[in-house]
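Observations on the model geometry
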Amino acid sequence: MTGFLTLFHKELLRFWKVMLQTVAAPILTALLYLLIFSHVLEEHVQVYPGVSYTAFLMPGLIMMSVLQNAFANSSSSLIQSKITGNIVFVLLPPLSYVEFFLAYLLAAMVRGLVVGLGVALVGLAFTDLTLAHPLWMLAFALAASAVFGAIGIIAGIWAEKFDHLAGIQNFLIVPLTFLSGVFYSIHSLPPFWQAVSHWNPVFYMIDGFRYGFFGQSDVPPGVGMAVVLPSVLVLTGLTLLLLRRGYKLRH
Amino acid sequence: MTAAIRAHALEKRYRDVHALRGIDLTVEQGEFFALLGPNGAGKTTFISILAGLARATAGRAEVMGHDVVNDYRAARRMLGVVPQELVFDPFFTVRETLRIQSGYYGLRRNDAWIDELLTHLGLADKADTNMRRLSGGMKRRVLVAQALVHRPPVIVLDEPTAGVDVELRQSLWAFIRRLNREGHTILLTTHYLEEAEALCERVAMLKQGRIVALDHTARLLSRDAERRLELKLAPPRLPPELQGRLVECRDGRYCLRLSDYAEVETVLASLREAGIRVEDMALAQADLEDVFLRIMGQQV
Ligand SMILES: Nc1ncnc2c1ncn2[C@@H]1O[C@H](COP(=O)(O)OP(=O)(O)O)[C@@H](O)[C@H]1O
Ligand SMILES: [Mg+2]
């Protein structure tokens, strides 16, 4: 247990010590989106009755921050350790692959949730937010951060240089999050793109998360969870399999 | 008694390199053992398999009787590894680094031992310095301390003195020697053969993934026992009966081969008979470097 706790703690310290880059910067990015989009669209778009566009946008931005930062934490920690070689410090001790997985995953979730909370608090200066179903909100936040924390671990193990990670970031993570209804309801999309969005698990994360705030969503939250939870399980299984085999970590 | 390290028919193939070709090796507890070999011989690969950083293609390895794969937790607890590369985590200070490493081994309150390590390795005044700000030699010392946080009975050092200044080398060896006296088993690889000669009771020489020599250092040296006699002669010429012993002649100094020191008398007698005066004379014995070069020069 101490081994796991130490690795978890180390992973927390790693981002906390440079929180200007790892926490403050992403909050600022989300804030810029909020200012620009709400300024441009506030007067023109109302997705749900009784919900201003700025309020509608908030959960999407929070969730986007949670996902991107959970991914960034585990993936960048692993690639940095691999490239600098200090990954041996965690490979030499008697840590099990489950401890290894949980430590990286939980630290990634914490980073995602801390940034998400920061975005929420800053956002409250611009709009009021209700919390219709806090447990749904929390459940989606946890599950979504776990999904992207695990993807970050897989990416960090697989990547051999920062370019590989940037590729995943630019061609997978960003498109998945942007094309998921952060900035709009997918009902406003043409039918084809609506259908495509239903294949994007991130859509369910954001939609369910938004349900937690407004009690309104594109699909029922139970359906959303039925997509997101299995994603958590599949990715956990896959990551554990890779770690157990020592894929790209133990030659 | 359980062997500190035991390898049986250990093989390692990378995609296009056969790095280890069947290594059988036993290092007993308390030994000071050197693994020598040119670059690419497979030393680091061998250590990596012991440490679980690499997986053997075939064969087995044990540390203090624990299989490094099936019983990896116990095996890793028994082993402290100082890696060849100068790696460090730039986010932390020296003390943080050592506390974290202790925690990985399940040790929560380890500060007394950490302080002792810092003192013995001359790091006491660097405890709160960030790793980034340390010199190469200092980083190497921290790596040694990291390998020792859990007081492992078996300590492996992969070229620990490469690129390290003389002063540190001396103090590092004094410390490692002490650990060995206290009962720790030491396995080291080094390029500095005189270090191995001075420190290690036994050596194995590795070449292209095979052990080509394995013996007590002293026996290895005496077996090679080609003694040499260097002479400066006036006039500078050699009687015919000594020509067969000539190894080389440089700057008027003749270097003759002897099979043992008693032959010095025979040589001197021949010279006296031929009326040749000895102006200067020196005896030389093979050192580990000669043995090493001779063995590495042979075909496997
Ligand atoms: N991860 C790896 N992938 C492929 N080849 C490797 C790897 N590690 C080592 N090798 C090769 O295995 C051989 C032995 O290397 P190594 O054990 O590092 O030798 P040494 O430590 O004796 O210098 C070399 O030919 C090296 O190129
Ligand atoms: Mg090496």
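This text goes with the structure placed above it.
The sections below set out a description of the structure shown in this document.

Cut-offs and rules
- Along each chain, residues carry numbers from 1 onward, in the same order as the chain's sequence is written.
- Starting at A for chains and at 1 for ligands, labels are handed out in the order in which the entities are written.
- A pLDDT threshold of at least 70 governs which residues receive local features in this predicted model, and a stricter bar of 80 or more applies before side-chain atom pairs are shown or counted, although totals over entire chains, interfaces and linings include all residues.
- In computing side-chain properties, one takes all heavy atoms of the structure into account and sets aside hydrogens as well as water.
- Secondary structure elements are taken from DSSP: a helix is a run of H or I of four residues or more, a strand is a run of E of two residues or more, and numbering for both begins at the N terminus.
- Here the radius of gyration uses the C-alpha set of atoms, whereas the globule reference equals 2.2 Å times the residue count to the power 0.38.
- When accessible area is computed with a 1.4 Å probe and restricted to protein chains, residues below 20% of their type maximum are described as buried, those above 50% as exposed, and intermediate ones as partly exposed.
- Per-residue and other accessible areas follow the Shrake-Rupley method at a 1.4 Å probe size, with only the shown protein chains counted as cover for residues.
- When charges are counted, Lys and Arg are positive and Asp and Glu negative, with His and the chain ends excluded.
- For the purpose of locating charges, the reference atoms are NZ of Lys, CZ of Arg, CG of Asp and CD of Glu.
- Aromatic rings from Phe, Tyr and Trp, taking only the six-membered ring of Trp, are treated as a pair when their centres fall within 6.5 Å; an angle between ring planes under 30 degrees marks them as stacked, one over 60 as edge-to-face, and anything in between as tilted.
- Placement of a positive charge over a ring is assigned whenever Lys NZ or Arg CZ falls within 6 Å of the ring centre and within 35 degrees of the normal to the ring plane.
- Put simply, a residue is near a molecule or strand once any heavy atom of it comes within 4 Å of that molecule or strand.
- Under the rule applied, a polar contact is a pair of N or O atoms within 3.5 Å (in protein, one hydrogen donor and one hydrogen acceptor; residues adjacent in sequence only if both atoms are side-chain atoms).
- Residue type decides the class: Asp, Glu, Lys and Arg count as charged, Ala, Val, Leu, Ile, Met, Phe, Trp, Tyr, Cys and Pro as nonpolar, and the leftover types, Gly among them, as polar.
- Residues count as neighbours in contact if any of their non-hydrogen atoms are within 4.5 Å of one another.
- Accessible area that two parts lose when put together, with a 1.4 Å probe and added across both, is what the buried area reports.
- Every case where a carboxyl oxygen of Asp or Glu lies within 4 Å of a side-chain nitrogen of Lys or Arg is listed as a salt bridge.
- Simply put, an axis is a line fit to the C-alpha atoms, just over the touching stretch for a helix, and the angle between two N-to-C directions goes from 0 to 180 degrees.
- Here is the rule for angles: anything less than 35 degrees is roughly parallel, anything more than 145 is roughly antiparallel, 65 through 115 is roughly perpendicular, and the remaining ranges are oblique.
- By definition, turning the near helix anticlockwise from the far helix through less than a right angle yields a left-handed crossing, and turning it clockwise yields a right-handed one.
- Patch membership needs two things, relative accessible area over 30% and no salt bridge, and members are linked within 9 Å if like-charged or within 5 Å if nonpolar (Val, Leu, Ile, Met, Phe, Trp, Tyr).
- Metal-coordinating donors are taken as N, O and S atoms lying within 2.8 Å of the metal, or within 3.2 Å when the metal is Na, K or Ca; because water is left out, some sites can appear incomplete.
- Here a cavity denotes a set of grid points, spaced 1 Å apart and computed over the protein atoms alone, in which a 1.4 Å probe fits but from which it cannot get out, and a pocket denotes an open set meeting protein on both sides within 12 Å along at least five of seven lines; residues with an atom within 4 Å of a point are reported as lining.
- Grid points are joined across faces, edges and corners, and a volume is the space filled by probe spheres set on the points.
- Two strands pair under a simple rule: DSSP has to find at least two bridges between them.

**Thoughts on the overall build of chain A**
Regarding its fold elements, chain A presents 10 helices and 0 strands. Counting from the amino terminus, chain A carries its helices and strands in the arrangement α-α-α-α-α-α-α-α-α-α. Against the globule reference of 18 Å for 251 residues, chain A gives a C-alpha radius of gyration of 18 Å, in line with a compact fold. Here the C-alpha coordinates of chain A stretch approximately 60 × 35 × 35 Å along the principal axes. A burial count over chain A gives 55% of its 251 residues as buried. Carbon and sulfur atoms make up 72% of the accessible area of chain A, which totals about 10,600 Å². Within chain A, the 9 negative side-chain charges are centred at a point lying 19 Å from the centre of the 11 positive side-chain charges.

**Topic: the packing of aromatic side chains**
Counted under the stated rule, the structure contains 15 aromatic pairs over all chains. Judged by centre distance (5.7 Å) and plane angle (55 degrees), the ring pair of A:Tyr33 and A:Phe183 falls under tilted. Within this pair, whereas A:Tyr33 is found in helix 2 (residues 19-41), its partner A:Phe183 is found in the loop between helix 7 (162-178) and helix 8 (191-197), the two being separated by 150 residues in sequence. Judged by its relative accessible area of 24%, A:Tyr33 falls in the partly exposed class. A relative accessible area of 9% places A:Phe183 in the buried class. Centroid distance A:Phe100 to A:Tyr104: 4.8 Å. Interplanar angle 40 degrees. Geometry classified as tilted. Of this pair, A:Phe100 and A:Tyr104 both sit in helix 5 (residues 97-123), 4 residues apart, which is roughly one turn of that helix. When sorted by exposure, A:Phe100 lands in the same class as A:Tyr104, which is buried. An aromatic cluster of three or more residues is present, and its members are A:Tyr33, A:Phe37, A:Phe178 and A:Phe183. A cation sits over an aromatic face here: B:Lys139 above B:Phe88, 4.5 Å from the ring centre. Over the aromatic face of B:Trp113 sits the side chain of B:Arg151, whose NZ or CZ is 4.1 Å from the ring centroid.

**A closer look at the site of ligand 1**
Taken together, A:His251, B:Tyr14, B:Val17, B:Ala19, B:Pro38, B:Asn39, B:Gly40, B:Ala41, B:Gly42, B:Lys43, B:Thr44 and B:Thr45 form the complete shell of residues around ligand 1. One of the backbone N or O atoms of B:Gly40 is found 2.7 Å from an oxygen atom in ligand 1. The backbone of B:Gly42 places a nitrogen or oxygen atom 2.9 Å from an oxygen atom of ligand 1. Protein chains shield 66% of the accessible area of ligand 1, which is 560 Å² for the free molecule. Looking at which element gives the most residues to the shell around ligand 1, the answer is helix 1 (residues 43-51) of chain B, with 3 residues. Tallied by class, the residues present in the shell around ligand 1 amount to 5 nonpolar, 6 polar and 1 charged.

**Brief notes about the interface of chain A and chain B**
The extent of an interface is frequently quoted as the accessible surface area lost upon association of the parts. Contacts between chain A and chain B engage 31 residues on the former and 30 residues on the latter. When residues of chain A are sorted by the area they lose upon contact with chain B, A:Phe89, A:Leu92 and A:Pro94 head the list and together hold 28% of the total. Run the count over chain A and chain B and you get 2 salt bridges. In this structure, B:Glu96 and A:Lys17 form a salt bridge, with 2.9 Å as the shortest nitrogen-oxygen distance. The tally of links between chain A and chain B comes to 15 residue pairs in polar contact (both at pLDDT 80 or more). The set of elements that each furnish at least two residues to the side of chain A that touches chain B consists of helix 1 (2-16), helix 3 (53-84), helix 4 (88-91), helix 5 and helix 10 (221-245) of chain A. With 8 residues, the single largest contributor to the side of chain A that touches chain B is helix 1 of chain A. When its residues are assigned to classes, the side of chain A that touches chain B shows 14 nonpolar, 10 polar and 7 charged.

**Quick look at the packing of helix 3 (residues 94-104) of chain B against helix 5 (residues 136-148) of chain B**
Residue and element names in this part refer to chain B. Relative orientation of the contacting elements helix 3 and helix 5 amounts to 25 degrees, with a least axis distance of 9 Å. With respect to their mutual orientation, helix 3 and helix 5 come out roughly parallel. Crossing of helix 3 against helix 5: the hand is right-handed. On helix 5, the residues touching Val-94, Thr-97, Leu-98 and Gln-101 of helix 3 are Val-142, Ala-145 and Gln-146. Tallied by class, residues from the contact of helix 3 with helix 5 come to 4 nonpolar, 3 polar and no charged.

**Re a nonpolar patch on the surface**
A grouping of A:Leu28, A:Leu32, A:Leu35, A:Ile36, A:Val40 and A:Phe126 is seen on the molecular surface, where their side chains present a nonpolar patch of about 550 Å² in accessible area. The exposure class of A:Phe126 is partly exposed, given its relative accessible area of 43%.

**Considering the environment of B:Thr97**
As for its position among the elements, B:Thr97 is in helix 3. In this structure B:Thr97 touches B:Phe92, B:Met131, B:Val142 and B:Gln146, once residues within four positions along its chain are discounted.

**So, the coordination of the magnesium ion (ligand 2)**
At the metal site, the magnesium ion (ligand 2) is ligated by B:Thr44 (OG1) and B:Gln84 (OE1), and these contacts range over 2.0 to 2.3 Å. Of this pair, B:Thr44 sits in helix 1 while B:Gln84 sits in the loop between strand 6 (79-82) and helix 3, and the two are 40 residues apart along the sequence.

**Concerning the layout of surface pockets**
Counted as a void, the largest pocket has a volume near 610 Å³. Those elements giving two or more residues to the lining of the largest pocket turn out to be helix 4 of chain A together with helix 1 and strand 6 of chain B. The leading source of residues in the lining of the largest pocket is helix 1 of chain B, at 4 residues. When the residues that make up the lining of the largest pocket are grouped by side-chain class, the tally is 14 nonpolar, 5 polar and 5 charged. In this model, the second largest pocket occupies a volume close to 470 Å³. Around the second largest pocket, the lining is made up of 26 residues, and of these A:Arg250, B:Arg55, B:Val69, B:Tyr72 and B:Arg76 lie nearest the centre. Of all the secondary-structure elements, those providing two or more residues to the lining of the second largest pocket are helix 4, helix 5 and helix 10 of chain A together with strand 4 (58-63) and helix 2 (72-77) of chain B. A per-element tally of the lining of the second largest pocket places strand 4 of chain B first, with 3 residues. Here the residues of the lining of the second largest pocket are counted per class, giving 15 nonpolar, 5 polar and 6 charged.

**A few points about the sheet that holds strand 12 (residues 246-250) of chain B**
Residue and element names in this part refer to chain B. Strand order in the open sheet formed by 4 strands is 12-13-11-14, and the pairing between neighbours is antiparallel. Single-partner strands in this sheet number two, and they are strand 12 and strand 14 (277-284). Across this sheet, the average inter-strand angle for adjacent strands is 20 degrees, counted without regard to direction. Pairing between strand 11 (residues 227-234) and strand 13 (residues 253-258): 6 bridges, direction antiparallel.

Purely geometric numbers; function is a separate question.
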